[in-house]
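As a plain string of letters, each chain reads:
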Amino acid sequence: MSASTRALWLAVIVILGLLVGAAAGVITWINNRNPYAGIIAAGGGFAGTVALLIAMAAFLAAGT
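The structure presented is a predicted model; accordingly, all values stated were derived computationally and were not measured.

Student: Any chance you could explain the overall build of the protein chain here in plain terms?
Tutor: Helix and strand counts for the protein chain come out as two helices and zero strands. Computed over its C-alpha atoms, the radius of gyration of the protein chain comes to 14 Å, more than 25% above the 11 Å expected for a compact globule of 64 residues. Dimensions of the protein chain, computed from the C-alpha atoms along their principal axes, are close to 45 × 20 × 10 Å. Split into buried and exposed, the 64 residues of the protein chain put 14% on the buried side. As displayed, the protein chain offers around 4600 Å² of accessible surface, 78% of which is attributable to carbon and sulfur atoms.

Right under this line is the structure:
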């Protein structure tokens, strides 16, 4: 995997993390009407998604 390919994959991973984090934050905020709970849920969703996708990318890249 070249450096430019890694940068593109990282951009895709971050965008997907932002989408999941935003969805988690909005759903939590709608359910609780508490913006702080929404922020915590969004951060957790973003961090979890990015960590999982980076781990998957590293696992898949290790075989090459």
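Student: Looking at this structure, how should I read the environment of L10?
Tutor: With respect to the helices, strands and loops of the structure, L10 is situated in helix α1 (residues 3–32). Judged by relative accessible area, which is 45%, L10 ranks as partly exposed. Taking the C-alpha atoms as reference points, L10 and F59, separated by 49 residues in sequence, lie 14 Å from one another.

Student: What is the right way to read the packing of aromatic side chains from this model?
Tutor: Any two aromatic rings considered together are summarised by their centre-to-centre distance and by the angle between their planes. Inspection of every chain in the model, using the stated rule, returns zero aromatic pairs. Above the face of the W29 ring, R33 is positioned so that its terminal group lies 4.7 Å from the ring centre.

Student: I would appreciate a short explanation of the packing of α1 against helix α2 (residues 35–62) in the present structure.
Tutor: Packed helix pairs are specified by the crossing angle of their axes together with the interaxial distance, meaning the distance between the axes. For the pair α1 and α2, the least separation of the axes is 7 Å and the interaxial angle reads 150 degrees. By the angle class used here, α1 and α2 are roughly antiparallel. Judged by the twist between their axes, the crossing of α1 over α2 is right-handed. When grouped by side-chain class, the residues that make up the contact of α1 with α2 number 17 nonpolar, eight polar and no charged.

Student: Which parts of the structure should I look at to understand the environment of A47?
Tutor: Position of A47 relative to the elements: it lies in helix α2. A47 sits in the partly exposed class, given a relative accessible area of 42%. For the pair A47 and Y36, spaced eleven residues apart in sequence, the C-alpha separation works out to 17 Å.

Criteria and cut-off values
Residues numbered from 1 in each chain as written. Predicted model: local features only at pLDDT ≥ 70, side-chain atom pairs only at ≥ 80, totals over all residues. Heavy atoms only, no water. Helix = DSSP H or I, 4+ residues; strand = E, 2+ residues; numbered from the N terminus. Rg over C-alpha atoms; globule rule 2.2 N^0.38 Å. Buried < 20%, exposed > 50% of the residue type's maximum accessible area, 1.4 Å probe, protein only. Areas by Shrake-Rupley, 256 points an atom, 1.4 Å probe, with all protein chains shown as cover. Phe/Tyr/Trp six-rings, centres within 6.5 Å; stacked < 30°, edge-to-face > 60°. Lys NZ or Arg CZ within 6 Å of the ring centre and 35° of its normal. Axes fitted to C-alpha atoms, helices over the stretch in contact; angles between N-to-C directions. Parallel < 35°, antiparallel > 145°, perpendicular 65-115°, else oblique. Left-handed = near helix turned anticlockwise from the far one by under 90°. Nonpolar A, V, L, I, M, F, W, Y, C, P; charged D, E, K, R; others polar.

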